[in-house]
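# Fold and contact review
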Amino acid sequence: MIGTTPKPFEEIMDAVAGYEKLAVIGCDGCAKVCMTGGSDQVEEMAEKLRKQGKNVVFAVTPDRTCYVTKTRTALDPHIDELKQSEAVVILGCGGAAQITRKVTEDYDLTIPIKIGLDSVGHMDTLVMGELALEQCQECGECILNETGGICPVTKCAKSLLNGPCGGAQDGKCEVDSERDCAWILIYNRMAALGELNKLRRFMEAKDYSKMAKPRTLNIKERRVA
Amino acid sequence: MKLTELFDKGEFVITSEVGPVKGCLRSGSGDEPPQCAREAEMVRECVHAINVTDNQSAVMRLGSLAASVKLRGKGFDPIYQVTCRDRNRIALQSDLLSACSLEIDNVLCLTGDYTSLGDHKSAKSVFDIDSVQLLKIAKGLNEGHDMVGNTLTKSTDLALGAVVNPNFEPLDLQLFKMEKKIEAGAQFFQTQAVYDPAVFERMVKKTEGFGVPIQYGIVVIKSPQMGKFMNKNISGIMVPDRIIEAMGSVSKEDRKKKAVEITTELVREIAPMAQGVHFMPLGWSDIVPTVVEAIKGTVV
């Protein structure tokens, strides 16, 4: 999922300063899992905005706001209210905000889109409602087959491909003593698999052109451009 | 002179580190020489070469190449340190070409301390390549081509150094990387600071067949507070309590004397297992000549 954290409410209020009639749009996908933009948080945000004197014209939470069809399906019944809205507050990731902007443009509306969350990465949920971890950077050239299923590109602060820097202490990363050194995790995993010798292999410099932004995925052709 | 020539002759190679100043070096009349130049002068007669750090601890300073070139101009042999933290593969290769063009003979290839440890915590870390890849690329430049195979008009001629941390657990994982560095092109190694002879010996035994010279690295402990600080904040280094206590047992005025004593003792004990010693005096370069004098007959 895409991890999100709430922006400070004051920052959201600054963003909507001068706009009285607002729509609030959440996301019942990732933002729901992060408890930042699901239906409950959308209701809470609408209430908070009303308390600040804003007129919340409508609030809605599409199933997945990053899917253009799902967002359109959720907004179609609210088209008249959307037309009345002076700005839209999005409780979703940066993708959700941009899909919503696209949908409003498709309706031939020019409405400011204001995001209420910060997107913080591709996250894997470890404990529902409590903890998620960043483990994949979508680098476009997965090397998990070489590293015991643990990604050094993401889990090593320095994205080192040929082993650890000298900075780990007690198995922890020099950058954050709470975090395991990715390369020690890889070493232990490869030892358990009886494949330590594979770590002796030189890994070539990564082809970062494969993560050059912005990427387009041609799903039919299974091709990234 | 390339350090490799000294090792080949069987010399016990002594190097010491200086950190470039936080400021520029364009001289005006009456300027004091910068700290790094003064420190280099202190060790001129007792070391073979001087390491010049690359924005050490991720603190922005004068570039290691500029400082290396300045020292070269004063007759020193600099070891130009290059980290992967701040520059991508294009900039790193270009800098290596520049270094050789500016009469630098030695380069030490490192990963680099992480950005958040330094004084520009919001900076974007680069780490486009790692130290093993950097060594392989540098070897390629010595052989006349860049990393994508394009031919150079003239090859570099750089002695390639690397680092290893004997304190690392599990050591085998660190040594896998050391072997990869050798395969990639590393011709000599300098170690992270070691204060326990048994730790150094463990590494030496495991690397006997590697066939590369290793310099024993030592950071001079200047105060008990510094020892404690390093244990708490500098990963990969372990300063034993006995050294912290010894530094704490003397008055502030006598600390330098005590540091000479402790450093000499460690070098006497550990350096015979190595092919050289690398001092990291962190501002106390003036003690290096005394230590080198004191170890004459044992290792030098």
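Our structure's up above, just so we're on the same page.
Residues numbered from 1 in each chain as written. Chains lettered and ligands numbered in written order. Predicted model: local features only at pLDDT ≥ 70, side-chain atom pairs only at ≥ 80, totals over all residues. Heavy atoms only, no water.

### Details of the interface of chain A and chain B
For the record, the criterion: The contact criterion used throughout is that any non-hydrogen atoms of two residues lie within 4.5 Å. When two parts are brought into contact, each loses some accessible area as probed by a 1.4 Å sphere; the total of that loss over both is the buried area. Basic side-chain nitrogens of Lys or Arg form a salt bridge, by our definition, when they fall within 4 Å of a carboxyl oxygen of Asp or Glu. In protein, a polar contact requires one atom able to donate a hydrogen and another able to accept it; more generally it is a pair of N or O atoms within 3.5 Å, and residues adjacent in sequence count only if both atoms are side-chain atoms.
Taken together, the contacts link 27 residues of chain A with 30 residues of chain B. Buried surface at the junction of chain A and chain B, both sides included, amounts to about 2500 Å², of which 58% is carbon and sulfur. Among the salt bridges present, the one from R200 of chain A reaches E179 of chain B, with a minimum N-O distance of 2.7 Å. Linking chain A with chain B are 16 residue pairs in polar contact (both at pLDDT 80 or more), by the criterion used here.

### Overview of the pattern of salt bridges
This is how it is decided: Helical segments are the DSSP runs of H or I of at least four residues, strand segments are the runs of E of at least two, and each set is numbered from the N terminus. When accessible area is computed with a 1.4 Å probe and restricted to protein chains, residues below 20% of their type maximum are described as buried, those above 50% as exposed, and intermediate ones as partly exposed.
For the coordinates displayed, the defined rule picks out 32 salt bridges over all chains. Across the salt bridge formed by R201 of chain A and E146 of chain A, the nearest N and O atoms sit 2.9 Å from each other. Remark: E146 of chain A occurs in the loop between β7 (131–134) and α7 (152–155) and R201 of chain A occurs in the loop between α8 (182–193) and β8 (217–218); sequence separation between them is 55 residues. Among the residues examined, E146 of chain A registers a relative accessible area of 29% and is labelled partly exposed. Between R85 of chain B and D86 of chain B there is a salt bridge; the shortest N-O distance is 2.8 Å. Connected via shared salt-bridge partners are K7, E11 and D118 of chain A.

### Comments concerning the state of the cysteines
What counts is decided by this rule: The rule for a disulfide is simple: a pair of cysteine sulfur atoms within 2.5 Å.
Across all of its chains, the model carries zero disulfides over all chains by this definition. C136 of chain A forms no disulfide, and the closest cysteine sulfur to it belongs to C151 of chain A, at a distance of 6.5 Å. Under the relative-accessibility criterion, C136 of chain A is labelled partly exposed at 30%. The thiol of C46 of chain B is unpaired, and the distance to the nearest cysteine sulfur, on C36 of chain B, comes to 17 Å. Take C46 of chain B: its relative accessible area is 15%, and that puts it in the buried class.

### What about empty space enclosed by the protein?
All names here are of chain A. Which entries qualify depends on this criterion: We place a 1 Å grid over just the protein atoms. Points where a 1.4 Å probe fits but has no way out form a cavity, open points with protein on both sides within 12 Å along at least 5 of 7 lines form a pocket, and any residue with an atom within 4 Å of a point lines it. Grid points are joined across faces, edges and corners, and a volume is the space filled by probe spheres set on the points. Amino acids are sorted into nonpolar (Ala, Val, Leu, Ile, Met, Phe, Trp, Tyr, Cys and Pro), charged (Asp, Glu, Lys and Arg) and polar (every other residue, Gly among them).
In total, this model carries three cavities of 30 Å³ or more according to the counting rule given. Roughly 130 Å³ of internal volume is contained in the largest cavity. Lining of the largest cavity is provided by 15 residues; of these, C156, A157, C165, C173 and C181 occupy positions nearest its centre. Looking at the lining of the largest cavity residue by residue, the classes come out as eleven nonpolar, one polar and three charged. By volume, the second largest cavity is sized at about 70 Å³.

### Some points on the side chain of D54 of chain B
Residues and elements named next belong to chain B. Positionally, D54 belongs in the loop between β2 (49–52) and α3 (64–73). At a separation of 3.2 Å, a polar atom in the side chain of D54 contacts the side chain of N55. Setting aside residues no more than four positions away along its own chain, D54 makes contact with S64, Q81, V82, T83, R85 and R87.

### Comments concerning the packing of aromatic side chains
As a reminder of what qualifies: Note on ring pairs: Phe, Tyr and Trp rings are taken, using the six-membered ring of Trp, and paired if centres are within 6.5 Å. Classes follow the plane angle, with under 30 degrees stacked, over 60 edge-to-face and the rest tilted. Comment: the charge-over-ring label is applied if NZ (Lys) or CZ (Arg) is within 6 Å of the ring centre and within 35 degrees of the ring normal.
Scanning all chains against the criterion turns up four aromatic pairs over all chains. An angle of 5 degrees between the planes, with centres 6.0 Å apart, marks the rings of Y114 of chain B and F127 of chain B as stacked. Taken together, the positions of Y114 of chain B in the loop between β4 (106–110) and α5 (131–142) and F127 of chain B in the loop between β4 and α5 put the pair 13 residues apart, joining distant regions of the chain. Comparing Y114 of chain B with F127 of chain B, the two get one shared label, buried. Between the aromatic rings of F200 of chain B and Y216 of chain B, the centroid separation amounts to 5.3 Å while the plane-to-plane angle is 80 degrees, which identifies the pairing as edge-to-face. Of this pair, F200 of chain B sits in helix α7 (residues 197–206) while Y216 of chain B sits in strand β7 (residues 214–219), and the two are 16 residues apart along the sequence. For F200 of chain B, a relative accessible area of 0% gives the class buried. Across from the ring centre of F9 of chain A, 4.6 Å away, lies the NZ or CZ of K48 of chain A, which sits over that ring. Looking at R44 of chain B, its charged tip hangs above the ring of F76 of chain B, at a distance of 4.1 Å from the centre.

### Here's the deal with the packing of α5 of chain B against helix α6 (residues 171–184) of chain B
Helix packing geometry: the angle between the two helix axes and the distance between the axes. All names here are of chain B. Threshold: Axis definition: a line fit to C-alpha positions, over the contact stretch in the case of helices; interaxial angles, taken between N-to-C directions, run 0 to 180 degrees. Here the angle decides the label: under 35 degrees means roughly parallel, over 145 means roughly antiparallel, 65 to 115 means roughly perpendicular, and every other value means oblique. In this scheme, a crossing is called left-handed if the near helix is turned counterclockwise away from the far one by less than a right angle; it is called right-handed if the turn is clockwise.
Closest axis-to-axis distance for the α5/α6 pair is 8 Å, and the angle between their directions is 15 degrees. Overall, the two elements α5 and α6 adopt an arrangement that is roughly parallel. Relative to α6, the crossing made by α5 is right-handed. Only K177, K180, K181, E183 and A184 of α6 make contact with α5, whose side of the interface consists of S131, V132, L135, K136 and K139. Residue composition of the contact of α5 with α6, grouped by class: three nonpolar, one polar and six charged.

### Section: the side chain of R89 of chain B
By secondary structure assignment, the location of R89 of chain B is in helix α4 (residues 89–101). At a separation of 2.6 Å, a polar atom in the side chain of R89 of chain B contacts the main-chain carbonyl oxygen of K206 of chain A. Within the structure, R89 of chain B has its side chain in polar contact with the side chain of D128 of chain B (distance 2.8 Å). Residues in contact with R89 of chain B, not counting those within four places in the same chain, are A205, K206 and Y208 of chain A together with D128, I129 and M147 of chain B.

### Points about the pairing of strand β4 (residues 87–90) of chain A
All names here are of chain A. As a reminder of what qualifies: When DSSP finds two or more bridges between two strands, those strands count as paired. When the strands point away from the viewer, a crossover counts as right-handed if the route from the first strand across the helix to the second turns clockwise.
Across the two faces of β4 the burial is the same, with A87 and V89 and V88 and I90 all buried. Where strand β2 (residues 21–25) and β4 come together, four bridges link them in parallel fashion. In the strand pairing of β4, L22 is matched with A87. The parallel pair β4 and strand β5 (residues 113–115), bridged by helix α6 (residues 94–106), forms a crossover whose chirality is right-handed.

### Focus on the sheet that holds β5 of chain A
Residues and elements named next belong to chain A. An order of β3-β2-β4-β5 is seen for the four strands of this open sheet, with the pairing classed as parallel. Of all the strands in the sheet, just β3 (55–60) and β5 have a single pairing partner and so form its edges. Taking the axes of each pair of neighbouring strands and ignoring which way they run, one obtains an average angle of 25 degrees across the sheet. With three bridges connecting them, β4 and β5 associate as parallel partners. Note on β5: the bridge partner recorded for I90 is I115. On top of the sheet, α6 reaches β2, β4 and β5; it is set at about 170 degrees to β5, its chief contact.

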